[in-house]
Structure formats: C-alpha cells, structure tokens
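Geometric and topological summary
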Amino acid sequence: MNAIELLIQDHETVKKLLEELSSTTERAVKKRSELLARIEQELQIHTALEEQILYPAIKQAGGKEEEKMYYEAKEEHRTVDSLVLPDLLQTDTGNVEFAGRVKVMKELLEHHIEEEEGELFPTAKKLLGKQALEEMGVAMQAHKKMLKADQSAA
C-alpha cells in the first residue's frame, strides 16, 4: 500500500468514527468516551505519519506553493490536536455541549481531509512519484505499528 492509499484509509476510519460519535445522544456516555478515545488514538498516529514522513517530503520536493500547503496542513493539525480535541476530552460526554464540540471537530477534520485528498495528495503524487510513495507507505506501516505498540504500552 502506498503512502496516499494508507492515509486515505485512515481518513475513512476517522470519518466513520466521527459519524458514529455524532449520532450518539447524551445518554451514551460510555460509548461516547470509547469513540472519542479511538478518534484521539487514530488522529495521533495519522498526524505523526503525515508530519514526520509525507509533509516534509512534499515541502522538500516542491516550491513556495507546496511550502504554503505544508504550513497550512500543519496548522490545521495543531488546531485540532492542541485546541479542539483537548477541549472535547475535558467536556462531560453526557452534556449537550459535547455534541456541539463534536460537530465543530467533525467539520474541521472533514475540511482538512477534503483539502488533503483534493490538493495535497495529488501534488504529492506528481512531485514524489510512484516509487517514493511506495517506499513511504512501507515506512508508514512500520511507524504505525510502532506507534500503536507504544500507545498500548502507555
């Protein structure tokens, strides 16, 4: 599986989890907590793969436009990782406010996914080529296994 295919698969997983979380009610306190924990885990791993492997390769191979894409994508990650997700994790899952925060996070992530799949990934394919993306995919799968093992041990 090449890097782009792997990342798109991650996107599908996160979208499915967000959809499931969005459809819960205040009574589903335990389910909401479990889904949120899974989303947090998926996002941490996915973000690490993109920021440590794909994004630097695009930035290095590209020009000014790709550099802008790089910083914008990183900023979108930071917004979710540093602001939205921590807030959501502190919010009572049995609360109406929780649903509002989930909706905002879902919209931010869907926007980010759309931009990546519509702009960043096609750019990566053009700039990096098939061989490099295959090699990155192998590196990402190995890195993903390691990160999951680290999370399980923590």
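Note that this is a predicted model, so its numbers are computed, not measured.

1. Re the overall build of the chain
- Looking only at helices and strands, the chain has four helices and zero strands in total.
- Starting at the N terminus and ending at the C terminus, the chain contains elements arranged as α-α-α-α.
- Computed over its C-alpha atoms, the radius of gyration of the chain comes to 16 Å, within 12% of the 15 Å expected for a compact globule of 154 residues.
- Over its C-alpha atoms, taken along the principal directions, the chain stretches across nearly 50 × 35 × 20 Å.
- Counting only residues that meet the buried cut, the chain has 40% of its 154 residues in that class.
- In the chain, 76% of the contacts between residues at least 6 apart in sequence involve partners at least 24 apart.
- Roughly 8500 Å² of accessible area belongs to the chain as shown, and the carbon and sulfur atoms make up 51% of that amount.
- Between the mean site of the 21 positive side-chain charges and the mean site of the 31 negative ones, the chain shows a separation of 3 Å.

2. Let's talk about the packing of helix α1 (residues 3–22) against helix α2 (residues 29–61)
- Across the interface, α1 lies against α2 with an axial gap of 10 Å and an inter-helix angle of 160°. In terms of orientation, α1 and α2 fall into the roughly antiparallel class. For the element pair α1 and α2, the recorded crossing hand is left-handed. Along the contact surface, α1 presents Ile4, Leu6, Leu7, Asp10, His11, Thr13, Val14, Leu17, Leu18, Glu20 and Leu21, while α2 presents Lys31, Arg32, Leu35, Leu36, Arg38, Ile39, Glu42, Leu43, His46, Leu49, Glu50 and Leu54.

3. Brief notes about helix α3 (residues 64–90)
- Compared with the 39 Å implied by 1.5 Å per residue over 27 residues, the 38 Å span of α3 between its first and last C-alpha is a close match.
- Among the residues of α3, Glu66, Met69, Tyr70, Ala73, Glu76, His77, Val80, Val84, Leu85 and Leu88 are the ones counted as buried.
- Those residues of α3 hidden inside the fold are in contact with α2 and α4 (96–153).

4. So, the UniProt feature "domain: Hemerythrin-like" (unreviewed entry) in the chain
- As annotated by UniProt and renumbered to match this structure, "domain: Hemerythrin-like" (unreviewed entry) occupies residues 3–124.
- The span residues 3–124 shows a helical share of 89% and a strand share of 0%, and its end C-alpha atoms are spaced 10 Å apart.

Reading the values: the criteria
- Residues numbered from 1 in each chain as written.
- Predicted model: local features only at pLDDT ≥ 70, side-chain atom pairs only at ≥ 80, totals over all residues.
- Heavy atoms only, no water.
- Helix = DSSP H or I, 4+ residues; strand = E, 2+ residues; numbered from the N terminus.
- Rg over C-alpha atoms; globule rule 2.2 N^0.38 Å.
- Buried < 20%, exposed > 50% of the residue type's maximum accessible area, 1.4 Å probe, protein only.
- Contact = heavy atoms within 4.5 Å.
- Areas by Shrake-Rupley, 256 points an atom, 1.4 Å probe, with all protein chains shown as cover.
- Lys, Arg positive; Asp, Glu negative; His and termini not counted.
- Charge placed at Lys NZ, Arg CZ, Asp CG, Glu CD.
- Axes fitted to C-alpha atoms, helices over the stretch in contact; angles between N-to-C directions.
- Parallel < 35°, antiparallel > 145°, perpendicular 65-115°, else oblique.
- Left-handed = near helix turned anticlockwise from the far one by under 90°.
- Expected span 1.5 Å × (residues − 1).
- UniProt positions renumbered as here; feature names shortened; annotations may be inferred.

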